[in-house]
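# Secondary and tertiary structure notes
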Amino acid sequence: GCIMAVVGIAGITTDDQANAAERRAAGEFVRGVSEARSLMESEEFPVESGPYHLYIAFNCPWCHRVAMVRAVLGLEDAVSMDVCFPSRTTVSDDRGENLWRFAPDGIVTQNGRHVSFPECTADTAGGKSYIVDIYAESGMNAARSVPILYDKVSRKVVNNESSEIMRMLETVMLPHAKRPINLYPELLREKVDEANTWIYTDINNGAYKAGFSSNQDVYETAFDTYFAALDKLNALVESNDFITGDAVTESDIRAFTTLWRHDPIYHNRMKLNQAFLHEYGGIWKWMGRMMAVPGLDSVSHAGILAQAKQGYFGRTGNGTIPVGPRGYPECYAQPGL
């Protein structure tokens, strides 16, 4: 599958699309292709501080990793951001189901409880209520996903591929960062690219392949591949502080986004229940180093985890949200415990 997977300017972006319809019909989760692929540093979208805006939902790991890069680099003043409610709409919504929407005052969720999150906003850039309306204004009537990199001046969607948005923030936007850490350093690019490929296939998308495929064989293969990748990651971060060496790079943020979800969400929701992270000595200490990366706490604290749990469990089965496990994500920051 990996050979045919779709590759963009920032490497592998999605599953191999060969026979996707047949594979989905047979119970395999096959990720689709992002539609908007413009890049900053073009005539249409020059690199500037101010005009660019992000639309995200914190429960979505693809959004979350973009928000993490923005936070770590300190790009909050340069690139504004709005946050959708973590559960998409249900059939009872006037506009239909599975739509990302803005609900700063919260909504009554499937379990009957009114839920709101302080980080959730209105659409401050365009005043829309639904993400699909932001796309429609850009002439993209089939698109519905987040994250979105948006140009507030031309009122156009620039890009909706998370890996490419991350890469733009890390490179062309770096002069506008308050903490200009090089997350994609010239000398390590080959190593970062190589790590990103297996992290994407086996861990980031692998978790979804395990959790959202209804075919038992596909699930078991994804399960085995995911935990083999955790063994590989564990060995890497036992010998180095970070995945590609002694400094944090994009590869670490990509892996962290999934693993931060592992114990409190994926172990249960994605049926990835072979082990908890503390069973991997290297990964557990690396999680502590990641939690200490300046800026990261602003997008990885308990309030963000509550949104992630709402997103993954709030529309699954009976819609109740697990109370436990207790102490997350704080325990990630104290690996000695």
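All of these numbers come straight from a predicted model, not from anything done at the bench.

### Considerations on the packing of helix H7 (residues 250–269) against helix H9 (residues 302–313)
Interaxial distance between H7 and H9 falls to 11 Å at its minimum, and their mutual angle equals 20 degrees. In terms of orientation, H7 and H9 fall into the roughly parallel class. Here H7 and H9 pass one another in a crossing that is right-handed. Only Ile304, Leu305, Ala308, Lys309, Tyr312 and Phe313 of H9 make contact with H7, whose side of the interface consists of Trp260, Arg261, Pro264, Ile265, Tyr266, Asn268 and Arg269. Its residues placed into classes, the contact of H7 with H9 shows nine nonpolar, one polar and three charged.

### A short note on the sheet that holds strand S8 (residues 156–159)
Pairing is mixed in the open sheet, where four strands are placed in the order S4-S3-S7-S8. Whereas interior strands pair on both sides, the edge strands pair on one side only; in this sheet they are strand S4 (80–83) and S8. Averaged over all pairs of adjacent strands, the angle between strand axes in this sheet comes to 35 degrees, irrespective of strand direction. As defined by bridge partners, strand S7 (residues 148–151) adjoins S8 across three bridges and the pair is classed as antiparallel. Each bridged residue has a counterpart across the sheet, and for Tyr150 the counterpart in S8 is Val157.

### Remarks on H9
Compared with an ideal rise of 1.5 Å per residue, which puts 12 residues at 16 Å, H9 spans 16 Å between its outermost C-alpha atoms and is within 8% of the ideal. Looking only at H9, the buried set comprises Ile304, Leu305, Gln307, Ala308, Lys309, Gln310, Tyr312 and Phe313. Summarising the contacts, the buried residues of H9 are in contact with helix H2 (61–73), S4, strand S6 (114–115), helix H5 (189–212) and H7.

### Let's talk about the pairing of S7
When a strand is regular, its side chains alternate between the sheet's two faces. Burial along S7 is two-sided: the residues Ile148 and Tyr150 and Leu149 and Asp151 are all buried. Relative to S7, strand S3 (residues 52–56) runs antiparallel, the two sharing four bridges. Residue His53 lies in a different strand from S7, and its bridge partner there is Tyr150. A loop of four residues connects S7 with S8, the two strands running antiparallel in sequence, and Arg155 in this loop sits at a positive phi of about 55 degrees.

### Digging into the nonpolar core
Counting 102 residues, the largest nonpolar core has Ile131, Leu259, Ile283 and Trp286 as the members making the most contacts within it. Residues within four places of Ile131 in sequence aside, it is in contact with Tyr55, Cys84, Trp100, Phe102, Arg144, Ser145, Val146 and Ile148.

### Let's talk about the pattern of salt bridges
Per the counting criterion, the structure on display carries 10 salt bridges. Linking Lys156 and Glu44 is a salt bridge whose minimum nitrogen-to-oxygen distance equals 3.0 Å. Taken together, the residues span a long stretch of sequence, with Lys156 in strand S8 and Glu44 in the loop between helix H1 (20–25) and S3 at a distance of 112 residues. The exposure class assigned to Lys156 is partly exposed, which follows from its relative accessible area of 37%. For Glu44, a relative accessible area of 44% puts it in the partly exposed group. Several salt bridges share partner residues, and in doing so they unite Arg167, Glu170, Glu250 and Arg254 into one network.

### Things to note about helix H8 (residues 281–291)
Within H8, eight of the 11 residues are buried, leaving the element largely enclosed by the surrounding structure. Restricting attention to buried positions, one finds in H8 the residues Gly282, Ile283, Trp284, Trp286, Met287, Gly288, Met290 and Met291. Contacts made by the buried residues of H8 are with helix H6 (216–239) and H7.

### Here we look at the pairing of S4
Both S3 and S4 contribute to a ladder of four bridges, which runs parallel. Within S4, the residue paired with Ile56 across the bridge is Val83. Between the parallel elements S3 and S4, the chain passes through H2 in a crossover that is right-handed.

### Here we look at the packing of H6 against H7
H7 packs onto H6 with a crossing angle of 130 degrees between their chain directions and a minimal axis gap of 13 Å. By the angle between their axes, H6 is oblique relative to H7. For the element pair H6 and H7, the recorded crossing hand is left-handed. Taking contact as the criterion, the partners of Tyr226, Phe227, Leu230 and Leu233 in H6 are, on H7, Thr258, Leu259, His262 and Tyr266. Here the residues of the contact of H6 with H7 sort into six nonpolar, two polar and no charged.

Conventions adopted
- Residue positions are given per chain, counting from 1 as you read along its sequence in written order.
- Selection of residues for local features in this predicted model requires a pLDDT of at least 70, selection of side-chain atom pairs for listing and counting requires 80 or more, and totals for whole chains, interfaces and linings are taken over all residues.
- Heavy atoms from the whole structure form the basis of all side-chain values; hydrogens and water molecules are not counted.
- The axes are straight lines fitted to the C-alpha atoms, using for helices just the contacting stretch, and the angles between their N-to-C directions are given from 0 to 180°.
- Each helix is a run of DSSP H or I of at least 4 residues and each strand a run of E of at least 2, with the numbering of both proceeding from the N terminus.
- Any angle between 65 and 115 degrees counts as roughly perpendicular, while under 35 counts as roughly parallel, over 145 as roughly antiparallel, and the rest as oblique.
- Each crossing gets its handedness from the near helix: less than a right angle anticlockwise from the far helix is left-handed, clockwise is right-handed.
- Only heavy atoms matter for contacts: two residues are in contact if any of them lie within 4.5 Å across the pair.
- Gly is placed with the polar residues, together with every amino acid not listed as nonpolar (Ala, Val, Leu, Ile, Met, Phe, Trp, Tyr, Cys and Pro) or charged (Asp, Glu, Lys and Arg).
- When DSSP finds two or more bridges between a pair of strands, those strands are recorded as paired.
- Helices are assigned an expected span. That span is 1.5 Å times one less than the residue count.
- Remark: exposure states derive from per-residue accessible area (1.4 Å probe, protein chains only) relative to the maximum for the residue type, with buried under 20%, exposed over 50%, and partly exposed in between.
- What we call a nonpolar core is a set of buried Ala, Val, Leu, Ile, Met, Phe, Trp, Tyr and Cys residues that are connected through their side-chain atoms within 4.5 Å.
- Every case where a carboxyl oxygen of Asp or Glu lies within 4 Å of a side-chain nitrogen of Lys or Arg is listed as a salt bridge.
- Crossovers are described as right-handed under a simple rule: with the strands pointing away from the observer, the path leading from the first strand over the helix to the second runs clockwise.

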